[in-house]
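Observations on the model geometry
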Amino acid sequence: MDNKNAYALREDDKAGSVYLQEDVVASIASLAATRDIDGVLGIYDGSQESRGRGIGNPGKAPKGVSVDVHHGIVDVDLNISILYGYNIPAICQKVQTKVKSMIENMTGMKVGNVNLRIAGVSMGKGRS
């Protein structure tokens, strides 16, 4: 099994080893940031807002999301696009809290930082 860009959740116990690919953690972060948070349009991938994208190509992290794990602590960087008229600090607090909670609950890994970059503002109607 190729464990490149994977993090051990459990190694060599009686049931076997469990590794989590980096792109899975990035997908969790992407989905958490874009689901059910008013004012968030999506992850900004540099060319367009990718509305709630996070599931797709196995082995490939969503664009606009990066994950770094050091000594079992996850740091996440997200580029998000928001809708015009929403309170940016309030949106950011909700996104950071939800991303941290979802990663910790789903993986058991500890989250250190969830860094956000507001990379776009849109007058659009929001999620379709």
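This report concerns the structure included in the present document. (Residues numbered from 1 in each chain as written. Predicted model: local features only at pLDDT ≥ 70, side-chain atom pairs only at ≥ 80, totals over all residues. Heavy atoms only, no water.)

**Section: the pairing of strand E6 (residues 73-83)**
The test is simple: Here a strand pair is declared whenever DSSP counts at least two bridges between the two strands. By the criteria applied, helices consist of DSSP H or I runs no shorter than four residues and strands consist of E runs no shorter than two, each listed in order from the N terminus.
Taken together, the three bridges between strand E3 (residues 40-44) and E6 define a ladder with antiparallel strand orientation. Counterpart to Ile43 in the pairing with E6 is Ile80. Pairing geometry for strand E5 (residues 65-70) and E6, over six bridges, is antiparallel. Along E6, the bridge assignment pairs Asp68 with Asp75. The antiparallel pairing of E5 with E6 creates a hairpin that spans two residues between the two strands, and His71 there sits at a positive phi of about 55°. Both E6 and strand E7 (residues 110-122) contribute to a ladder of 11 bridges, which runs parallel. Each bridged residue has a counterpart across the sheet, and for Asp77 the counterpart in E7 is Asn115.

**Side note on the environment of Tyr84**
Short version of the rule: Using a 1.4 Å probe on the protein chains alone, a residue whose accessible area is under 20% of its type maximum counts as buried, one over 50% counts as exposed, and one in between counts as partly exposed. It only takes one pair of heavy atoms within 4.5 Å for two residues to be counted as in contact.
Position of Tyr84 relative to the elements: it lies in the loop between E6 and helix H2 (88-107). Since its relative accessible area comes to 58%, Tyr84 is described here as exposed. Sequence separation between Tyr84 and Val40 is 44 residues, and the spatial gap between their C-alpha atoms is 9.6 Å. Not counting residues up to four positions away in its chain, the partners in contact with Tyr84 are Val121, Ser122 and Met123.

**Quick look at the pattern of salt bridges**
Put simply, the test is: Note on definitions: salt bridges are taken to be side-chain nitrogens of Lys or Arg within 4 Å of carboxyl oxygens of Asp or Glu.
Counting across every chain of the model gives two salt bridges. By sharing partners, the salt bridges in this structure join Lys100, Glu104 and Lys110 into a single network.

**Some details on the nonpolar core**
To keep things clear, this is the line we draw: In this description, a nonpolar core means a group of buried Ala, Val, Leu, Ile, Met, Phe, Trp, Tyr and Cys residues linked to one another through side-chain atoms lying within 4.5 Å.
Counting residues in each nonpolar core, the largest one holds 26 residues, and the members touching the most others are Val74, Leu78, Val95, Val99 and Ile103. For this core, the secondary-structure elements that each account for two or more residues are helix H1 (22-34), E3, E5, E6, H2 and E7. Sorting elements by how many residues they give to this core places H1 first, with six residues. The residues contacting Val74, other than those within four sequence positions of it, are Val25, Val67, Asp68, Val69, Met109, Lys110, Val111, Gly112 and Asn113.

**Digging into the side chain of Ser122**
Inspection of the secondary structure assignment puts Ser122 in strand E7. For Ser122, a relative accessible area of 18% gives the class buried. With near-sequence residues (within four places) excluded, Ser122 lies in contact with Leu41, Ile82, Leu83 and Tyr84.

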